[in-house]
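Observations on the model geometry
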Amino acid sequence: MHVVDMNVARTTTIDILPHEILSHILRFLSISDRKEAALVCHRWYAASLHPALLKDVIVRCRPPESGNFKPIGYVQRKLTHLALGDWESNLISEDTLVSLLSNCPNLLELDVSRCNNLFLSGGLLRKDADRDSLRTILVNVHTLKLGCLRHMTDVTFKRLVSTMENLSKISLTSTNFILGNGLYNVNQTSPAMFYFSTFNEFLKERSNKMRSVDLSFTSIHDEALSSLAKVKGLTLTEICLHGCVDISDKGLKALIVNQPSLEVLDISGCKELGSGRMFFSTMVDNLAKVHTLILRKCSRIGMCDVENLSNLPSLTTLDLGEVVNLFDNDLAKGLCGDSPRLSTLCLPFCTELRDNFITRLCETNYNLVHLDLSSCLKLTDVSLHNITRMLRFLRFLSMRYCSDVTDLGLLGYIPENGVVAHKHYFDHDHEGCCCSRERESRIFRKPTGAIKEHKTSISRAQTCLETGEKELCMLSDLISLQHLDLSCCTRITDLGVAEAIRFRELRTLNLGGLRKLQDSSLILVAHHNPSLECVSLRACPAISDLAIIKLIENCSRLRNLDVCQCGTLTDVSLITMEARGRRLRHLDISFCNLMTLSCVTSLEKAIPALKIVFRPHIY
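Notes on the structure in this doc start here. Model, not experiment: these values are computed from the prediction.

Of all hydrophobic cores here, the largest spans 156 residues; its most connected members are Leu146, Phe199, Leu537 and Leu561. Residues in contact with leucine 537, not counting those within four places in the same chain, are Leu511, Gly512, Leu517, Leu522, Ile543, Ile548, Leu551, Asp562, Val563, Cys564 and Cys566. Ranked by size, the runner-up nonpolar core spans nine residues in total, among them Leu411, Ala461, Leu472 and Leu495.

Take the pattern of salt bridges next. If the charged atoms of two oppositely charged side chains come close together, the side chains can form a pair. In total, this model carries 18 salt bridges according to the counting rule given. Where arginine 131 meets aspartate 128, a salt bridge forms, and the shortest distance between an N and an O atom there is 2.2 Å. Here the residue arginine 131 and the residue aspartate 128 both occupy positions in helix α8 (residues 128-137), the gap between them amounting to three residues, near one helical turn. Put simply, glutamate 272 and arginine 300 hold a salt bridge, and the shortest N to O gap is 3.7 Å. Taken together, the residues span a long stretch of sequence, with glutamate 272 in the loop between β8 (264-266) and α13 (279-286) and arginine 300 in the loop between β9 (292-294) and β10 (317-319) at a distance of 28 residues. With relative accessibility at 37%, the residue arginine 300 sits in the partly exposed group. Here the residues in one salt-bridge network are Asp132, Arg135 and Glu165, joined through shared partners.

At a closest axis distance of 10 Å, the pairing of helix α23 (residues 571-580) and helix α24 (residues 597-606) adopts a crossing angle of 10°. Judged by the angle between their axes, α23 and α24 are roughly parallel. Contacts from Asp571, Leu574, Met577 and Glu578 of α23 reach α24 at Cys599, Val600, Ser602, Leu603 and Ala606. Considered class by class, the residues forming the contact of α23 with α24 number six nonpolar, one polar and two charged.

What follows concerns the side chain of serine 457. Mapped onto the fold, serine 457 is located in helix α19 (residues 450-467). For serine 457, a relative accessible area of 10% puts it in the buried group. Excluding anything up to four places from it in sequence, serine 457 contacts Leu408, Tyr413 and Pro415.

Turning our eyes to something else, we now look at the packing of aromatic side chains. Two measures describe an aromatic ring pair: the distance that separates the ring centres and the angle between the ring planes. Scanning the model with the defined rule gives eight aromatic pairs in all. Judged by centre distance (6.4 Å) and plane angle (75°), the ring pair of phenylalanine 177 and phenylalanine 194 falls under edge-to-face. Within this pair, whereas phenylalanine 177 is found in the loop between β5 (169-171) and α10 (196-205), its partner phenylalanine 194 is found in the loop between β5 and α10, the two being separated by 17 residues in sequence. Take phenylalanine 177 and phenylalanine 194: they sit in the same class, and that class is buried. Through a chain of ring-to-ring contacts, the aromatic side chains of Phe157, Phe177, Phe194, Phe196, Phe199 and Phe202 assemble into a single cluster.

Moving on: empty space enclosed by the protein. As enumerated under the stated definition, the model contains two cavities of 30 Å³ or more in all. Here the largest cavity defines a volume of roughly 60 Å³. For the largest cavity, the full set of lining residues is Glu94, Asp95, Val98, Gly123, Leu125, Arg126, Lys127 and Asp130. Each residue belonging to the lining of the largest cavity can be placed in one class, and the counts come to two nonpolar, one polar and five charged.

The next thing to look at is unusual backbone geometry. Its identity as a non-glycine residue notwithstanding, arginine 114 has a phi of 70°, on the positive side. In this structure, arginine 114 sits in the loop between β3 (109-111) and α7 (116-120). With relative accessibility at 37%, the residue arginine 114 sits in the partly exposed group. Positive phi outside glycine occurs at glutamine 565, with the angle close to 65°. Secondary-structure assignment places glutamine 565 in the loop between β17 (560-562) and α23. On the basis of relative accessibility, which here comes to 39%, the residue glutamine 565 falls in the partly exposed class.

This brings us to the environment of glycine 412. Following the sequence through the fold, glycine 412 ends up in the loop between α17 (407-411) and α18 (423-426). Note on glycine 412: relative accessible area 15%, which makes it buried. Spatially, the C-alpha atoms of glycine 412 and glycine 496 are 9.7 Å apart, while their sequence positions differ by 84 residues. Beyond its immediate stretch of four places on either side in the chain, glycine 412 contacts His385, Leu472, Cys473 and Met474.

A few words now on helix α12 (residues 249-258). Every buried residue of α12 is accounted for by Asp249, Gly251, Leu252, Ala254, Leu255 and Ile256. Where α12 is buried, its residues meet α11 (222-229), β7 (238-240), β8 and α13.

This part is about the packing of helix α14 (residues 328-335) against helix α15 (residues 355-364). Following both chains from N to C, one finds α14 and α15 inclined at 5°, their axes separated by 10 Å at the closest point. Relative to α15, the element α14 lies roughly parallel. Contacts between α14 and α15 pair Asp328, Leu331, Ala332 and Leu335 from the former with Phe357, Arg360 and Thr364 from the latter. Its residues assigned to classes, the contact of α14 with α15 shows four nonpolar, one polar and two charged.

Turning to the environment of glutamate 205, a few remarks are in order. Tracing the backbone shows glutamate 205 in helix α10. Judged by its relative accessible area of 55%, glutamate 205 is exposed. Taking the C-alpha atoms as reference points, glutamate 205 and lysine 232, separated by 27 residues in sequence, lie 9.8 Å from one another.

So, how was this worked out
- Residues numbered from 1 in each chain as written.
- Predicted model: local features only at pLDDT ≥ 70, side-chain atom pairs only at ≥ 80, totals over all residues.
- Heavy atoms only, no water.
- Core = buried A, V, L, I, M, F, W, Y, C linked by side-chain atoms within 4.5 Å.
- Buried < 20%, exposed > 50% of the residue type's maximum accessible area, 1.4 Å probe, protein only.
- Contact = heavy atoms within 4.5 Å.
- Salt bridge = Lys/Arg side-chain N within 4 Å of Asp/Glu carboxyl O.
- Helix = DSSP H or I, 4+ residues; strand = E, 2+ residues; numbered from the N terminus.
- Axes fitted to C-alpha atoms, helices over the stretch in contact; angles between N-to-C directions.
- Parallel < 35°, antiparallel > 145°, perpendicular 65-115°, else oblique.
- Nonpolar A, V, L, I, M, F, W, Y, C, P; charged D, E, K, R; others polar.
- Phe/Tyr/Trp six-rings, centres within 6.5 Å; stacked < 30°, edge-to-face > 60°.
- 1 Å grid on protein atoms, 1.4 Å probe; cavity = no way out; pocket = protein on both sides within 12 Å on 5 of 7 lines; lining within 4 Å.
- Points joined across faces, edges and corners; volume = space filled by probe spheres on them.

So far we have only geometry, and geometry alone does not tell us how the molecule works.
So this is what it looks like as structure tokens:
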């Protein structure tokens, strides 16, 4: 017979789990929660240093004014991503950089953007011993970012890239280089200038390894782009040309024809593109593998063959924001095919889109995860109904400035007649307007009764919520939603906000410009959305200190809060933040005239990492 000793404790706790299991558990947390978990004890901190958990963590390093680093912490953390450009560049000296990099043997990505002081003297890595040492240490670095550098020269560029032999991605965003007539074909090295020919020569030497190039906001033109694309042996999978205004269809065609392996193409802000009707046909003929197209602010392509997007079978991410003359019939032909393709779609400021297109989009692309419909002014509650009903995997939704979206859209209630009134129908009812008059008038059009019908529908929807007689497909049914933007949807009131915004994993919420928002609904939002990290309540004049206090107390993860133009808030909110808002990192309290400078100063001292924007008056 087996005898059990009852005096022996038989408890299984998380403390006895091995590091590998702890690290696996931490993978299911967000980065902010992972940081908090790492502070619990030494074992959890050690588990948080697993390489699989650090691959998406970028450490933004602020060097001390003395320039003396303590390398032990960097070695222990096994840094893989390091960014040095968010602070004053004069804090980083050449010797400081060498000392820091020497203690980062696991580094995969290095960002020295905006560190102009490093390149000013021209002496960066001038010692052969430093270059040889770093060449061994930085053998794993695959990404280098050199954005916004005014003083980089051919010499310093060559020295820096020579220490990273396995580079596959490089970024020169907003960096000055010299083109000139034929200079991109001239082999030269300058100690005072950075020539495009030097970069081209670098690509030739590393053509078998380079896969991604970012030349956004540079002066590159068609001929230079063509020379880059024709580099022998170069096989790019990603190129970013955001804001390169000198590129036309000719240069883009040369790029596409010579680099058919492209998978990611960002040409947003290239305003000269789209002069030819068969713009997308060229992509279809050459880019069989492309899965990401970013064409924002390419205003002319709305008149091109948008319907040919249907012939890009690998396309999963598309951004056509701010493209004029983009009509829903053409988009439907290009995007609403037989099989679901898209996971990310951005169509902000496409003002001609209507509910019928959104309905077809949801029916055919039900795997969408990211959807941006900001300022699509003709969309109504019908679109929101279909989004809520069909896009069950949605994580990001923006419908800001969609002024025809109402509480009925959030609550999922469809009026009995199936008709959703547009905002312009309400304009003739003169609700709350001093120009309303009882007698017949030839100046003002006769009221349509739309407001009365809308209030009746709202009343019936509220009854359905209370009695449960009719099941509503509410916005809260999108259980995976993490980012929601309903700012400036002026017809949304407390009812829709209180009942429909209930998400356990919602991280970002923007309700700015909802002037009818009251404390009661915001208190319920704070209660039902405990994971909120970023909240914007800009220009919500009716909310008071009570709502902000509840938000601070219930949302312990809150990091960013915007209450600009909330004129009823007082020092009481600031005192609560000082006591309970230790995680806050950004706070905008501009034009909150009842807050005093002394309380703002006290809050800054209590939370040194908090950045406060405080403009109490209009200058």
